[in-house]
Structures are given as C-alpha cells and as structure tokens.
Amino acid sequence: MIVSKNLRWKYIFFYAWKSMLYFLCLSIAVYFLHHKFSFIDKLSVPFEAVATLSTALAIFLAFNNNSAYDRWWEARKIWGKLVNYSRAWGREVLTLSMDQEGRPNEELASWQRAMIYRHMAFVHGLRVFLRQRHPYNGIEQELMEAPNDYQQIKGFLPPEEFDEVMSKRNPPNYLLMLQGRDLQHAYDRGWISDYRLVRLDETLIEFNNHQGMCERIKNTPFPRPYSYFGRMFVFIHGTLVPFAFVEELGVWNIPLSLAINFVFLSLEQIGARTEDPFENRPGDTPLSAISLTIEENLKEMLGDTNLPTKLAPVGGVVL
Amino acid sequence: MIVSKNLRWKYIFFYAWKSMLYFLCLSIAVYFLHHKFSFIDKLSVPFEAVATLSTALAIFLAFNNNSAYDRWWEARKIWGKLVNYSRAWGREVLTLSMDQEGRPNEELASWQRAMIYRHMAFVHGLRVFLRQRHPYNGIEQELMEAPNDYQQIKGFLPPEEFDEVMSKRNPPNYLLMLQGRDLQHAYDRGWISDYRLVRLDETLIEFNNHQGMCERIKNTPFPRPYSYFGRMFVFIHGTLVPFAFVEELGVWNIPLSLAINFVFLSLEQIGARTEDPFENRPGDTPLSAISLTIEENLKEMLGDTNLPTKLAPVGGVVL
Amino acid sequence: MIVSKNLRWKYIFFYAWKSMLYFLCLSIAVYFLHHKFSFIDKLSVPFEAVATLSTALAIFLAFNNNSAYDRWWEARKIWGKLVNYSRAWGREVLTLSMDQEGRPNEELASWQRAMIYRHMAFVHGLRVFLRQRHPYNGIEQELMEAPNDYQQIKGFLPPEEFDEVMSKRNPPNYLLMLQGRDLQHAYDRGWISDYRLVRLDETLIEFNNHQGMCERIKNTPFPRPYSYFGRMFVFIHGTLVPFAFVEELGVWNIPLSLAINFVFLSLEQIGARTEDPFENRPGDTPLSAISLTIEENLKEMLGDTNLPTKLAPVGGVVL
Amino acid sequence: MIVSKNLRWKYIFFYAWKSMLYFLCLSIAVYFLHHKFSFIDKLSVPFEAVATLSTALAIFLAFNNNSAYDRWWEARKIWGKLVNYSRAWGREVLTLSMDQEGRPNEELASWQRAMIYRHMAFVHGLRVFLRQRHPYNGIEQELMEAPNDYQQIKGFLPPEEFDEVMSKRNPPNYLLMLQGRDLQHAYDRGWISDYRLVRLDETLIEFNNHQGMCERIKNTPFPRPYSYFGRMFVFIHGTLVPFAFVEELGVWNIPLSLAINFVFLSLEQIGARTEDPFENRPGDTPLSAISLTIEENLKEMLGDTNLPTKLAPVGGVVL
Amino acid sequence: MIVSKNLRWKYIFFYAWKSMLYFLCLSIAVYFLHHKFSFIDKLSVPFEAVATLSTALAIFLAFNNNSAYDRWWEARKIWGKLVNYSRAWGREVLTLSMDQEGRPNEELASWQRAMIYRHMAFVHGLRVFLRQRHPYNGIEQELMEAPNDYQQIKGFLPPEEFDEVMSKRNPPNYLLMLQGRDLQHAYDRGWISDYRLVRLDETLIEFNNHQGMCERIKNTPFPRPYSYFGRMFVFIHGTLVPFAFVEELGVWNIPLSLAINFVFLSLEQIGARTEDPFENRPGDTPLSAISLTIEENLKEMLGDTNLPTKLAPVGGVVL
C-alpha cells in the first residue's frame, strides 16, 4: 500500500517506460515522415475517428479501473474482517471458556494461550500462503518486497505441530481444523458449554470465509479478455493519435501526442497494477502490517509484553 | 477461466471472424462503389451522426459488460463460498460430533467419513448439473471442454444410494436431503446434541443457497433485449462507419473502419462470452478445478492420502 | 422471461411502433418542408447542439437501464432465495421434527405433509398476489399472459383453510401465520424441541422477507420523474435530430434520423419494459416456472410422484 | 411517492420556474444585445467549449442522480424490512409465547395484544419522528403534505405510557426499550423460554437497526459540496449556452437554448428532489401508506376487524 | 459534516485558491504572449485534442468521486450501526440480565450501569482514536476542529480502569475486552444464562466489527495512484485549455478558461476532501455529534437526567 501522497517518478516509469518509448519513437517517426519526406501525406487520420475511439476507450478503462479497485478494496475488507474477528476470537477464548468451579486453572490458561497463539500462526500463515506467486502472472522483479516464508510462523506453534502443518497442501486450513479439535477437547474438559462451543465454531467459520475469499481473489484473475483488450485498445488508439494532428501542429505534435498517450496509458496501468492485491508488490494490500496489528492486539489482550514492532513506511510504502 | 495474460488469436477469431468478414467486405464495397464508380457520392454520412451513436453505443456496451462481469464474478463468489463452507462442513462433522463417553467409536468414524464423501458427491454433482446446456443458448462446438458426467460421482456414494439419487430430477438437492436424514440419525445415536444438530443444519442451508444461486444464474439469461440490442447496435453503427470517412480517406478508410469496428465488436463479444459462466467453455468459472480443490481439502482433513491431481492449465485455460 | 437469443420483431414493434411512426412522419415532413418548399431554411439546428443532448441522454438512459435491470435482477434473486429456503424448509420439516421415542408416527408424517403442502400454497399464492396489476400502471393488453388465479392453490390446502385464507386482505402473510401456529402445535406434541422450533421460525422469517421484498418492488415504481423525463428527453432529442442533417443529406436524412432515433428509443423502451418484473408480461421474472420448480422439488423430497409438468418456452418466452 | 405515469406540469414548474425564467431572460437578452445592438459580437463562445462542460456536467449529474436514487431506494428498503419484521414480530409474539400448561390464558392473550399494539405505536411514531424537518433543509411550502403528529399513536398505548414516551427525546427508541421490559416480564411468567426470549430480542434488534438506518439518512444530507457544485455548474453551463449558438441561429436560439437548459436543469432537479426521502413531500418514501399496511397486517393476524382504510392516491401521489 | 445548503466561499477558496491562481496567471500569460507579442502563434492547440482529454478526465474524476463518496458514506453507515447496536446493548444489558429470584438487586443495577457507561467510554474513545492524524496525510491547519482528547472519556470509567486502558496501544479494543470479562462475572453471579451470555457476546462482536471497519477506512487511503493521477491530469488538461481558444477569443479567453478549469478542479477537490472521513475536518463524518446522540440515548434508557447538550451547527458545520 502506497501511503505517501505523491508518487515517486521511479514507480511511474518503472512500469510505463517501455510503452512511452514506443509512443515517443512513433510520434518522432510520424513527424519526420510527414514533414521532411512528405511520405505519409495522405495518411493523416481525421481527428473525429480518433475521438470516437477515445470516448469508448475512456469508458472501457473506467470500467476496468472500477473492477480492479473493487478487487483491491474487497481484499482489504476481508483482511479488515480478519482483524475484527481475530480480536473477537481473543476475547471469546479468554471470556467464554471457564473453569466449572470458578477456580484459577492453569491448564485452562495454557489452553487459552495456545488457542490464541495458533491463531496468530493462522494469520501469518495465511499471509505467506496468499503471497506465493502464480507462474502465469509473470511477475519477475519488483522495486520492493516483504519477506515471505513459513519459517515466520514457527514461533507460534509447538515444533511437532509446525511440522505436521507444513506437510499439508493447505496449511492455514489445517490450522483451523486443529482449532476445531482443541475446542472439542475444551468441551470434553467442561470449560465451554455446548452452546459456547458452537459460538466459537461460528467464529472459526468466519476464518474459513476470510481465507476462502482471499483465495478466490488470488486464484481468479480479473477476466483476461478485459485486461488484454484494454491494453490492446490503448495501443491501437495511441498509434492513431500522432497521425491525427500531424498536419496542423508540426513539431508540437510530439509532446501533445505524448501527453494524450500518457494519460490513457496511465489509466490502463493503474488498473493493471491494482487488480491483483496479493502479489507482494508496493501497491498491494499491506498484509504484513495487518498481520502485525493482529499479533499486537492479541498479545495485548493476553497481557504479553513482547509486542511486535510495527513497520514504518519505507519509501512511502507499507507492505 | 483463462489464466494466460495474452489471449491466443484463435480464441479471438473463433468468435469474431464472421462479423469481421462482413465489415471487411462492406468497407471494400463502399470504397469501390465510391471511388471507382462514384455510385454513392451523395451517401457519405456526416461523421457527427456516427459519433453520436458511438458514444451511446460505448456507454451501452459498458453497461452490458458491467452486468456480464457481475454475473461471472457472482458465480465465482458462490463457488468460493462453497469452498469455504465445505471446509467448515468437514471441520464440523469431524469436531462437533462425538461419542458421548469419549471412547473411540468406529461407527461414528465411518458415519463422519460417509458424510464428508457424500458432500464431495454433492460438489461434483452440482458441477455436472450446472454444466448441462440449455438448448436455447444454442452453443454447439467449443474449442475446449471438460468431461461432464454423473459417473464421476459414483465413487463417492454407496451404489444403491447413487442409483436413488440418479433417479431424481434434481440430484444435488436430493443429496442435501440425505445429509439431513443422516444428521437425524446421528442425533438419535447421541453423537450430536440438539444444538449442534441445528448448527449442522444451518451449514446445509448454506449449501441450499449456493446451489440455488448457481441455478438462478444458470437459468436466467442476462435479459435478452439488452444483449440483442447490443448486438444490433454494433451492426447499425458498424455499417455506418465506412461511409463516414470514405471521402476524406480513400483506401486507408478500409483499415481504419476495420480498426474501429474491431474495437466495438470486441467490446460486445467480451460481454457476450462472459455473461453465462456455467456453459463449460474456456472463459467460464473453473468448476472442475474448484471441485477438485474441495475434494483435496476434505481428504486432507480426513487424513486420506488419495488426493486428486489438480488440473494444470491447458492452452492458458483452467476449466 | 425471454429465453430465445433473437427477439421477434413483433415484440419490438408491439411497443415501439407508435413512436417510430411519429419520428418517420416528422423526418418526412422536415424533408419536404426544407427541400421542396424551402420553408424551414433558417431552422436547421447545428449538429453540436444535438450532440450535447445525445451524450447527456445516453448517460441518463444508461442510469435508467441500470436501475431497471437492478430491480429486475433483485426480483429474480428474491425468488431464487425463495427456491433455496423452500428446499431448506422441506428438509427441515422432514428431518428436524421427530417422534420422541423414534417410532414411526403417522400423525407426525401427516403434519409434515401438511406443512410442506401449505408452503406450496404460499409460493403459488404469493405469485398470484404479486401479479395483480395496479391500475396506475395502465397495462392493458399483452401479447402473452400466464393464468393467475387463487383457485390454483385450492388443491394444496384443506377446504375450510382455503376459505379462511381467501377472506384475508393479504393471503400469503396469513399462510405464514398458520405455519407458525402449526409449529407451536408440533412443539406441544414434542416433535420439535425449543431450539428447533426457533430454527424453523427463522426459516419462516426468511419467507416474510421474501414476500415483503417482492411487495416492495411491486408497490414502489421506479421513481416516476426518472422514467418520465427519460421519455420526454428522447422525444425532445428525437425531434431535433431530423433538423440537424437535413441540409447536408437530403433524402438520406430520413433513414439516418430513423436509425438514430430507433437506437435511443430502444434504449428507453428496454428499461421501461424491465423495471416492473411482476406484471405478468413476456419480459417478467418467470414466477410460474419458478413456482413449479419449488413444487417439483418439494414433492420429490416427500417422495410424491405427482410431479408437475414444467412449462416449455412458448414463442421463446417462459412466464 | 408519485405513482401516476405522467407527471403533472404543476409539479415540474413548481420547482423549476425560477431557474427557467432566468434562462429565458438571459437568452432573450443575448439575442437582443447581439442582433439588435451588435453589442456582444466578439463574445460568442465557441461551441466546443460548452460541449466540454456539457459532457462533464452530464456525467456529474448522473453521479448525483445515482446517489440520490440510492438514498431514496435504501429508505424504501428499510421500510420494506420494517414491514417484513413487523409481520414476523406479530407471528412470533402470537406463536412463540405460550401458557406452560397449554391452557387458554387471558393474561397471556392481553400481553400479546399489548405487545403488538405497542409495535404499531412504534411504527407510526417512527414515521412522525422521521418527518420532522431540519431547519437547515429550508423547506417551506409544499404542494401536498400528510398529517404528522404524535397524537396519532395515542390510541395504541395506555395513557400513562403514552405520556412517559412523549417525555423522551427519542420516543421510538424508548418504545423498543419498553418492549424489552415486557419480554422480561413474559419470561418471568414462564410464557417464553430463555431461548425464545433471545429470539424475540433479536427481532427487536432489527427494529433498532431500521430506526437507526432511517435516522442516518434523515440526519446526513447527501454531501453538500456535491449538490452545491451540481447546482452551480448547471448555472455556469446554462449561462454559456445561449452565447454558443447566437450567431448561427438568430431568434431560434431562444427555444433551443431553453430546451438544452431545461434538460440539464431537470436532471439536477430530479436528484435534488429525490435525495431526502423523509421530508413529507410528494416524491418521498410513502411512510403513511406503509405504516397503515403494517397496522392492517398486524390487526388481521390478531383477528381484529377495525382495519384501517388505506390511502388512495391523490393527484397521482401516495404519501 | 456540512449541513447548510450553500457552501461558504471561504471553504471553496481555502482549498482551491493556489491552483486557481496558477490557472489565472497561465491564461493571462498565454493571452499576452499570443496577442501582444505573437510569440506562441504556432502553439495554439486544436480544441479536439483538449476535448479528448476532457471526456477521459470527466469520466476518471467521476470514478474518483464515486469511490470517495462510497468511503464517506460507508464511514457514516458504520457509525449508524454503532448507534443502533449501542441502543440494543443498552436494552439488552437492562432487560436480559436479571436477578434469579426476581428481587430488586442493587449489585446487579450497578453492574448494569457500569456496563452501559463503559460502552459510552468505548464510543467516545473510538472517536478520539480515529481522529488522530497520520503524518503521511499532511494535514496542517483546518478552518475548524472539534476537541479530541482521551480525557473526555475519564468520567465514564473508574479511575484505575481509565489508567489501565490508557496504557494500551489500542484502548477501544481493550474496553471491549473488559466488557467480555464483566459478562463472565455476570454469568458467574447467575444474572445471565449461558444463552444470553452468548447473545451479549455477539453484540460485542458487532462493536469489534464497527471499530475494525472504521480503522480500515482510516488506515487505508484511497489508492494513491488514483488521486495522484487525478490531480496530475487536471493540471495537464488545465494547462492545455488556455491554448485551445486563445486565437478565436482574445481577452474573453481568460474568464472562459478559468470557468472550465474551475469546474474540473472542483470535481477533483470535492473527491479529495471527501475520501478521508475521520480527519476532524468540516466535511467529515460528524463523530462528535453521533457520540453525543449515543450518550443521550443510553442515559435516557437508564433514566439518568444529566443528558449531554447536543452540538448546534457552527458556520453550517456539524463536527
């Protein structure tokens, strides 16, 4: 997530320079062919033809951006819910389970601690799980990345449990399964009643939902035809633009074409950079920061003092 | 679902070539009639008239695309929820049912296994049920299809139950009915309390909802007037386009008209290819892949090792 | 609901012919007054003025269509939920009520059957209730209508109950009230526990919601100012269109004006035909078909064999 | 709520005549200054400058209308839910409370009646509460108003309770509080179990939500900057319009400018008249009619015969 | 929240004057360079090029405004829900907890009072928590601010509890934790049953959700690329505008360019001022007013007479 109000130019050019270079060369070529060699005299395109495409393109890119933003914002909403229900989980584990005689009960206390720490493992594990990249997205090198490794959840689990979880194809889901098992155990011990058992199970269902919703966004790219044609139309339109004014404008045609193409290209690029929020890139949903918030809140509720250090923005970016 | 970032040209032309051919012939005819025979001299259409239609058409196609995408995305959301509640169902069956005395109970274990395998049958059966084609959609031959046959659920059910289910008009709904019957049985045996019985019933209601929501999308086409007029307007507009520039542009009119028509035609086609997500076509919601994910997750929770092999993308497509 | 991909021309002209006739006469008149009598020489409107209105009109009609579609789709969603919860109701009545000693219990079985048949009466009754027309909508004669009469629910209820229900102003709501009474009776007999009583009541609340949501759409027309001004603007704009090209185009002005007006008029008409989904018209939500689906599913769950015959599309329409 | 399909001209002119008068005078003045005195020869504005603003304005007004309609429709949805849950409340009060021994119980019956009549008081009271006008909305005189007075709820409550409720700043909320008190009383008498007590409390929470959602819409005007700038842009744009065609058109400029301005002004006015749905004006959500529907349904469920008379539309309007 | 229908010019100019000054200087410079020195004769930009950008810009700003408004309205909805559930909380605490023998119970009464007052502390505390500014938003001096200090919640809590809460990084979350602890205490005393304990816990989960949803909006700025490019495009477009008409219009070019730029700049500014609703600025969600409403409602339910004084609008603004 980018928090600084002004974008750095390096972010903008990192993604746009190849296309801008193409448009620059094109308008220079058009200028020379037309004014120096009078080669493409007949080819100057009537501006109205370009304008027709401009309007259609602007509307189409607005739709793409809208959908990309919806995906990004939904991702953020899911992690927001994960924050809320994690806090609720902490409170419920601590206040809905109780010793039947009301005595201090060390076994119960360590069970509560284990349930809450395993939940931290779930949260951090889900983050790692989601940020693994699909080969088909073709992301290579980014300006900035957060560390992303299951080793980071080792401290929240007993060692043998960590190994068991790691052996599964879907570790976060298996962690929820273990939470269910331990609820049954607490029920057997009489710490939670039938009714509170179900209440806690319903909170686990929420986590099932949060995980599954994230996987949905992660595994279902914004329909490729929309983004592919968006990209293609920007190039068709952008290629026609320098022909439209070449006659009237002369050399000023070059910066003007570039300005127009820059606007449309940016509109396309913003959407393309926003539509996948779990790729460990600067504009993504800040999973690391949110995971640490949850860890901090839960530890604070347990009374622990080893609170994690929150990440300060680096280069205007929180990851 | 198409996952590769670049569409293959064969996909694009598979659906668009007939219309593009019409537009090509039309612009060639207009060119010859005008420049060679001066036949349609008076007919050149003022460009502003076309531009009016272009704007209206772009807005209308944006609305169509928006609605088509909403249908597609809702279909994906429903199957996402089916993933989430399937996992929850697995966890609940395994952790909310228990032997009253806390002993290992083989009968209970085999009941749990049956409940979870019948759920896999429900998921695969729903996929098959949804992908049966309505004759009125007129889909004939696709570039790619997934196998779709109720035989694929045979292994998840006892033979006589499979036959019973197959004799019903709505097999997935009947499977949920059987789940309800077996919950009652578990209640009679004392494995689940009154309260947990209702909790499990509520999870079944979720599946009722998922199935019904899919049927709604499947059985209710996007209102035909919208898609019909979208198609018709693209042709009215596209037919006027070559007349608009024929005078100014000469032979260059042909590629320019084609480019403009290609953009509007593509906008219309993308929507038309997206609005029905359950037709077993390349751009559809990937029901086969999601069903296998659910099967894998549930087997992993049961500790089974016969995990299914996930489908790798073929030609950039996951079905 | 129209299911055939191609609209029949009679549907299109049934609603549009009056307006198209006006536009035809107008453009012919403008042509003659201008070219034959040079009467309105000074009056030719600058095309840009029309274009301004065109854009505003296209955007406004897109908003109207969007809202009309939302109403239509919401109506379909509500009836989709009614399908889902009807199935859940069937399952719950059959599996959550039980003889306390686990014996076969004929009284219970006939109570279950009565509860499920009364629900079918509710569904069919709601359909009839919703399709009664408000005089202020001014609908007279349609191309096609489904039979709509409370007599159709007579077979699902005991005779005296049918009469009692018919004496009420809101029969479907009273049927839900009776369901509540019979739940209390089952509770008194010990067939359902306190907890399951409430679970079944919550399913009834769903039906309260479905009914009320349909009544909301039925009784609250899309705000009249929006549709009224939409209609009016189409006429203001359409009246200006023939003046805009009359000079340049001569007699070709007539078909071109008609084409433009046809597009805008259609956009307006589609919305106007979609916004009221419960009027028993060809484009409506197919209440009859959905009611029969529910009846079929419930009878299948009861094991009854008198399944209703589903309606085949007539003239590409399902009602 | 306006139900007649054709708006009366007096509604349209009641709100628009001042602005239309301004635009009329302006175009007449521009005409005379230009054609008679050649005063503003140089000032004629290029039409493209106006067209730029027209497009931006049309898009902005579409956004405003969209948001206004959302507020209006949400208001209607909330009152729709109030209908649904009121019916559910009636059914629940009548069927979830019972004499423990199953005897006819007059005390219980009168408690049920009191609970249901107090709910009618809540509904009518909420209507009165919501329709009180904020001074900052500056509404003075309307064409039509419904009577709005707390005296209308007097008949539904015991006299001393009516006085107590009236002494509170938020009477509807206090009525819900009293409902909660009486539920506790029924629990003490053994008419409702612990579990059903909570179920009824949850229905009360729904009413808390409905009331609060209405208050939110009532007390939070659509952000003033949006409506203020919408109004201002219509005037900036409208003031430029007559200058754009004055040269080409002569005296016909006057009706054409008026027509264009009428369209944009109407678009702005419809939104402004729709955004506040609780002001007791003709276009509002019909609170009086809905309150009477609820009263009728509840009395019908109680078997009472003093059903209220429903309001017929007056002048095409239901209040 | 601004409630007065007319904005004061000082609000408008407070945010826009720097940009307007730039546009003013630019158009004056263009005028002089062109008409006096004939310096930029060749540079006059064809208007169609500007129009292309205008349309794209208008659509993009509409998207930005739409999203900004959604954030603002969601913030208001969350606080609306907080109102609703606060009232429900008051009612539930007062009517769902009871002395087991039905005697007047002073200890219970003081527990109820403490629970409700701690909730007021939660509400006011959440307001203070949310209004703390992030340094990266760079807000310096506003025209108007509400006092925002945790000292304002001191009166609602016992002193030692206040200190404990203040020592936490997330005080509102810790207050909910304490509410959970006290519910357990009430359960131990027998004032609430197992079932009602869970019902009250579910109301606490609502508050978890409200807090977390607000934090989500607070901590996740509207994606910076969208607002950054919106701003940038307004300047690119605005810089081209004076060049487009300079030739035709002469000195009138200056006011016309300013008018066009004012419209686009305002569209951009309204969005930018709306997208962050918790910054203690005039256009924000009125947290102070809503907190006082909750306090008032809860005290009224307790029968307390020290009702807070509601804030009257100051300068047309409620904070």
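Residues numbered from 1 in each chain as written. Chains lettered and ligands numbered in written order. Predicted model: local features only at pLDDT ≥ 70, side-chain atom pairs only at ≥ 80, totals over all residues. Heavy atoms only, no water.

- As annotated in an unreviewed UniProt entry, chain A carries the name Bestrophin, RFP-TM, chloride channel and is attributed to Aeoliella straminimaris.
- According to UniProt, the comment filed for chain A under the heading Subcellular location (unreviewed entry) is "Cell membrane".
- Per its UniProt entry, chain A bears the Sequence similarities (unreviewed entry) comment "Belongs to the anion channel-forming bestrophin (TC 1.A.46) family." (UniProt positions renumbered as here; feature names shortened; annotations may be inferred.)

## Points about the relation of the copies chain B and chain A
No. 1: Note on the identical chains: chain B maps onto chain A by a rotation of 72 degrees and an axial translation of 0.0 Å, with an RMSD of 0.0 Å. The superposition operator between the copies reduces to a five-fold rotation axis.
No. 2: A distinct binding surface is used by each copy, with only 7% of the interface residues of chain B retained as interface residues in chain A. (Least-squares fit on C-alpha atoms with pLDDT ≥ 70 in both. Contact = heavy atoms within 4.5 Å.)

## Some remarks on the relation of the copies chain C and chain D
No. 1: Of the two same-sequence chains, chain C is brought onto chain D (RMSD 0.0 Å, axial shift 0.0 Å) by a rotation of 72 degrees.
No. 2: Of the residues that chain C buries at the interface, just 6% are likewise interface residues in chain D, meaning the two copies contact each other through different surfaces.

## Remarks on the interface of chain B and chain A
No. 1: If you look at the interface, chain B gives 59 residues, while chain A gives 62 residues.
No. 2: The largest share of the area that chain B buries against chain A comes from Lys5, Arg91 and Tyr195 of chain B, three residues that together contribute 12% of it.
No. 3: Between the two partners, chain B and chain A, sit five salt bridges.
No. 4: Measuring nitrogen to oxygen at the nearest pair gives 2.3 Å for the salt bridge that ties arginine 169 of chain A to glutamate 296 of chain B.
No. 5: Counting across the interface, chain B meets chain A through 20 residue pairs in polar contact (both at pLDDT 80 or more).
No. 6: For the side of chain B that touches chain A, the secondary-structure elements that each account for two or more residues are α1 (9-36), α2 (47-96), α6 (194-219), α7 (224-249), α8 (253-274) and α9 (287-302) of chain B.
No. 7: In terms of residue count, the dominant contributor to the side of chain B that touches chain A is α2 of chain B (23 residues).
No. 8: Partitioning the side of chain B that touches chain A into residue classes produces 33 nonpolar, 14 polar and 12 charged. (Buried area = accessible area lost by both parts, 1.4 Å probe. Salt bridge = Lys/Arg side-chain N within 4 Å of Asp/Glu carboxyl O. Polar contact = N/O pair within 3.5 Å; in protein donor to acceptor, adjacent residues only side chain to side chain. Helix = DSSP H or I, 4+ residues; strand = E, 2+ residues; numbered from the N terminus. Nonpolar A, V, L, I, M, F, W, Y, C, P; charged D, E, K, R; others polar.)

## Quick word on the UniProt feature "transmembrane region" (unreviewed entry) in chain A
Residues and elements named next belong to chain A.
No. 1: The UniProt record marks residues 12-33, 45-63 and 226-245 with the feature "transmembrane region" (unreviewed entry), using the residue numbering of this structure.
No. 2: Structurally, residues 12-33 is divided into 100% helix and 0% strand, and its ends, taken at the C-alpha atoms, are 31 Å apart.
No. 3: Overall, residues 45-63 shows 89% helix and 0% strand. The separation of its end C-alpha atoms is 27 Å.

## Looking at the environment of phenylalanine 262 of chain C
Residues and elements named next belong to chain C.
No. 1: Residue placement: phenylalanine 262 occurs in helix α8 (residues 253-274).
No. 2: On the accessibility criterion, phenylalanine 262 (10% relative accessible area) is buried.
No. 3: Taking C-alpha positions, phenylalanine 262 is 42 Å from proline 308, a pair spaced 46 residues apart along the chain. (Buried < 20%, exposed > 50% of the residue type's maximum accessible area, 1.4 Å probe, protein only.)

## Let's talk about the interface of chain C and chain D
Put simply, an interface is often sized by how much accessible area is lost when its parts join up.
No. 1: Taken together, the contacts link 62 residues of chain C with 59 residues of chain D.
No. 2: Between chain C and chain D, roughly 5,700 Å² of surface is buried when both sides are summed, and carbon and sulfur atoms account for 67% of that area.
No. 3: Notably, a salt bridge pairs glutamate 215 of chain C with arginine 87 of chain D, separated by 2.9 Å at the nearest N-O pair.
No. 4: Applying the counting criterion to the chain C and chain D interface returns 20 residue pairs in polar contact (both at pLDDT 80 or more).
No. 5: Counting only elements with at least two residues in the side of chain C that touches chain D, the list comes to α2 (47-96), α5 (171-188), α6 (194-219) and α7 (224-249) of chain C.
No. 6: With 17 residues, α6 of chain C is the single largest residue contributor to the side of chain C that touches chain D.

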